[in-house]
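Fold and geometry: a report
In case you want the letters, here they are:
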Amino acid sequence: MKTKVQTIATNRKTNVGKKTIRMIRRGRTLSIVACLAIGVGGVFLIRTEGSKAQQARLYLEYLREGEDLIQSKNYVNAEKIYLKAVEIDPQEEFAYRQLEKIYTQCQQFDAARAIIERFEAQALTTNQVKSSESVAVAKTEKQSEIIQKEIQPTVETQKTQEETTASTEEKMESQPASEQTQMFSSYGRNAIVTPDQELYVFSEENVEDTYKSVLSNVVSVSIGSYHTAAVTKENELYVWGANESGQVGDGSASDQETPVLIFSDATAVSLGARHSAAILTNGDLYIWGRNKNGQIGDGTTRNAMDPVKALENIKTVVLSDDSSYAVTNDGILYAWGNNEYGQIGNGSTSNVLQPTEIMEHVRFVSASDDHVAVISEAGDLYLWGNNEYGQIGNGTTENVLQPVKVLEHVVKYVDGWEYAAAITETGDLYTWGYSAEGETGNGKVDILQLEPVKILDNVREVSIGCWNAAAITNDKALYVWGANTYGQIGNDATDAVAWNVPAMVLKDVKSVSVGDSRIAAVTSNDDFYLWGKNDDGRIEKYMTENCYHPQKIDTGVSACLIVDEDTVITVQKEKNGQIRIKNSINTGKESNQ
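The present account deals with the structure reproduced in this document. As the structure is a prediction and not an experimental result, all values here were calculated from the model. (Residues numbered from 1 in each chain as written. Predicted model: local features only at pLDDT ≥ 70, side-chain atom pairs only at ≥ 80, totals over all residues. Heavy atoms only, no water.)

The subject of this paragraph is the overall build of the protein chain. Check the secondary structure of the protein chain and you find seven helices and 38 strands. Looking at the protein chain as a whole, 56% of its 593 residues qualify as buried. Long-range pairs, those at least 24 residues apart, make up 52% of the contacts in the protein chain with a sequence separation of at least 6. Split by element, the accessible area of the protein chain, about 23,500 Å² in all, is 46% carbon and sulfur. (Helix = DSSP H or I, 4+ residues; strand = E, 2+ residues; numbered from the N terminus. Buried < 20%, exposed > 50% of the residue type's maximum accessible area, 1.4 Å probe, protein only. Contact = heavy atoms within 4.5 Å. Areas by Shrake-Rupley, 256 points an atom, 1.4 Å probe, with all protein chains shown as cover.)

And the structure:
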């Protein structure tokens, strides 16, 4: 029996350098011209040569170098990278959070608190003076003086705590196979629920536990910025991870390394950056955690350390970073919380502290950090919120404060970085938004596609990454388009020129995973293919050139998920009906089979 694969798209992107990358892609961050950082390998430079998208990719790799250093417990050099990132962009929240993590790991708790207070003070100052888009990018001289105060490294004295631990051997779990593999991605973190309902969570924060089952009998998962939640088939809700704002919901502010039972009668869960929500079997909606923007919905801005009842008769809940959205059994959409870009949809930009009715006849809702999409019961697609890159699709770049209809007969919507895609009832694929390297697939590069444009037909699935997008047609053909810096298009084109129209690269495909520099796919007969970046020999062991076509890596694979540069997870079926989880990218070690 073939295993059915279901990919759960959460429509939230990784926090890694997102705001700064947005500015680079639009040519707004000129301070990157001579960015210098000291890494383990020496000097890292970001120059102005190349496209804006290439500069953005370099910056992304720069930040991820810091993540690698944290993973290897090289906190001194990781701290240098993120201090430099804060200097480049004082609003780069990800860098502040990484510094907080470094200081906490080194037990420098005062420094950890200070860095977060610094970020929140900067965010508050910026919000107070923001009156236009130009002010959002250019800081006043006074702000710059405050922000650019030298931050003295505090980790130098912790070198005795920084010994790199030996890498653990690849770990695998054998489980009886069932029907379905579910994949979840959000905030740069990933999870898989195997066919036998075992949960695996993959992130660089818990690399040593990457291949261990976290929880059993899991039917639903949600991923927050640094916390995770799961609902079991017995309706038990477990939450664990970061808890500084009470987002775990156990009444404390202490981080929880293992799952904590919060409810015994839950049917659904959704996590924001630092707040959490659950629907109970009776339809009651409870929310808890961070409440700075009123996202709890209790009329205050005080954090809720325990679950607070917000609404009744709810069938769907979706949380974004700092906003909350819920749909009743009658199809009524309520929204509340952060409304900086009009993402609440009530016609204003003031934060909303209590659930507010927005529209009726709602079937599906998707919430990014700054804009929202809804599919109505009739199949109409509505969007509103931040529209700087044309991601609303209404023909303008002005923020949209109320729902606006952009397409009809829609069955699926997927959100990308600054672009989006939708599939209609007839299989037509539409895209719109910012096409830095051809991501909208409409034959153009470095343009704003302000309205939906049809690029393919007969489409069944679409997957969107940072620089690339991919689609699977009803006859199982895989099309890829976007950046080709590392050969990730897969059509044997060896130049780095963006491929701005869909290219058919593989047949008989049942699932695809799009990474930043690689693409992975599984065929109907369970063959696993990978292509793209290979300068380190990760795809073809004895080669150091990029792989410009799909390379068959393994067989008997039912699902795949690109986690990061070093990890491509596969769910592999055994002859005896058992399955196992492993990293299928070449790491220099033989697989423990």
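Don't stop here, the text continues.
Our next topic: the environment of I423. In this structure, I423 sits in strand 25 (residues 419-424). Between the C-alpha atom of I423 and that of N458, which follows or precedes it by 35 residues, the distance is 9.2 Å.

Over its 14 residues, helix 3 (residues 75-88) runs 20 Å from end to end, which matches the ideal 20 Å to within 8%, given 1.5 Å per residue. Of all 14 residues making up helix 3, eleven are buried, and the element is well covered by its neighbours. All of the buried residues along helix 3 are Y75, V76, N77, A78, E79, I81, Y82, L83, A85, V86 and I88. (Expected span 1.5 Å × (residues − 1).)

Let us look at the packing of helix 3 against helix 4 (residues 93-105). As a packed pair, helix 3 and helix 4 sit with axes 9 Å apart at the nearest point and diverge in direction by 150°. Between helix 3 and helix 4, the interaxial angle falls into the category roughly antiparallel. The handedness of the crossing between helix 3 and helix 4 comes out as left-handed. Across the interface between the two elements, Y75, A78, E79, Y82, L83, A85 and V86 of helix 3 pack against F94, A95, Y96, Q98, L99, I102, Y103 and Q105 of helix 4. Here the contact of helix 3 with helix 4 is built from residues that sort into twelve nonpolar, two polar and one charged. (Axes fitted to C-alpha atoms, helices over the stretch in contact; angles between N-to-C directions. Parallel < 35°, antiparallel > 145°, perpendicular 65-115°, else oblique. Left-handed = near helix turned anticlockwise from the far one by under 90°. Nonpolar A, V, L, I, M, F, W, Y, C, P; charged D, E, K, R; others polar.)

Relative to the helices and strands, S517 is located in the loop between strand 32 (509-514) and strand 33 (518-523). Leaving out residues up to four positions away in the same chain, S517 has contacts with Y486, Q488, W531, G532, K533 and E565.

Turning our attention to the sheet that holds strand 14 (residues 285-289). Ordered by their spatial adjacency, four strands build an open sheet running 12-13-14-15, and the pairing between neighbours is antiparallel. The sheet is open, and its two edges are formed by strand 12 (266-271) and strand 15 (304-311), each paired on a single side. When strand polarity is set aside, the average angle formed by the axes of neighbouring strands in this sheet is 20°. (Pairing = 2+ DSSP bridges.)

Our focus in this paragraph is the packing of aromatic side chains. Summed over the entire model, instances satisfying the criterion amount to four aromatic pairs. Arranged with centres 6.3 Å apart and planes meeting at 40°, the rings of Y413 and W432 form a pair that is tilted. One end of the pair, Y413, is in strand 24 (residues 410-415); the other, W432, is in strand 26 (residues 429-435), and 19 residues separate them in sequence. Under the relative-accessibility criterion, W432 is labelled buried at 0%. (Phe/Tyr/Trp six-rings, centres within 6.5 Å; stacked < 30°, edge-to-face > 60°.)

Another point: the pairing of strand 10 (residues 237-241). A regular strand places its side chains on the two faces of the sheet in alternate fashion. Among the five residues in strand 10, five count as buried, and that is most of the element. Across the two faces of strand 10 the burial is the same, with L237, V239 and G241 and Y238 and W240 all buried. Linking strand 9 (residues 227-232) back to strand 10 in an antiparallel pair, the connection comprises four residues, with N235 at a positive phi of about 70°. By the bridge criterion, four bridges tie strand 10 to strand 11 (residues 256-263) in an arrangement that is antiparallel.

Moving on, we come to the environment of V239. Summarising the element assignment, V239 is placed in strand 10. Taking C-alpha positions, V239 is 5.7 Å from T228, a pair spaced eleven residues apart along the chain. Excluding residues within four positions of it along the chain, V239 makes contact with H227, T228, A229, Q247, V248, T258, P259, V260, I262 and W288.

Moving on, we get to the nonpolar core. Residues L237, F263, L285, W288, L333, L381 and W432 are the most contacted members of the largest nonpolar core, which totals 59 residues. Among the nonpolar cores identified, the runner-up in size contains 26 residues, and V480, I489, V509 and I562 belong to it. (Core = buried A, V, L, I, M, F, W, Y, C linked by side-chain atoms within 4.5 Å.)

Taking 1.5 Å of rise per residue, 13 residues should cover 18 Å, and helix 4 covers 18 Å from first to last C-alpha, within 8% of that figure. When helix 4 is considered as a whole, its buried residues turn out to be F94, A95, Y96, R97, Q98, L99, K101, I102 and Y103.

What follows deals with the side chain of N386. Relative to the assigned elements, N386 resides in the loop between strand 22 (381-385) and strand 23 (400-407). Not counting chain neighbours up to four residues away, the residues in contact with N386 comprise Y341, D370, H371, Q391, I392 and N399.

Below, the discussion takes up the sheet that holds strand 28 (residues 459-464). Here four strands make up an open sheet; going across it, the order is 28-29-30-31 and the pairing antiparallel. On the outer flanks of this sheet lie strand 28 and strand 31 (499-506), each paired with one strand and no other. On average, adjacent strands in this sheet sit at an angle of 20° to one another, irrespective of strand direction.

A separate point is the pattern of salt bridges. As enumerated under the stated definition, the model contains eleven salt bridges in all. For D428, the salt bridge identified is with K454, shortest N-O distance 3.2 Å. Of this pair, D428 sits in the loop between strand 25 and strand 26 while K454 sits in strand 27 (residues 447-456), placing them 26 residues apart in sequence. A salt bridge links K510 to D526; the shortest N-O distance between them is 2.7 Å. Remark: D526 occurs in the loop between strand 33 and strand 34 (528-532) and K510 occurs in strand 32; sequence separation between them is 16 residues. A single burial state applies to K510 and to D526, both of which are buried. (Salt bridge = Lys/Arg side-chain N within 4 Å of Asp/Glu carboxyl O.)

Everything listed is a geometric property; what it means functionally is a separate question.
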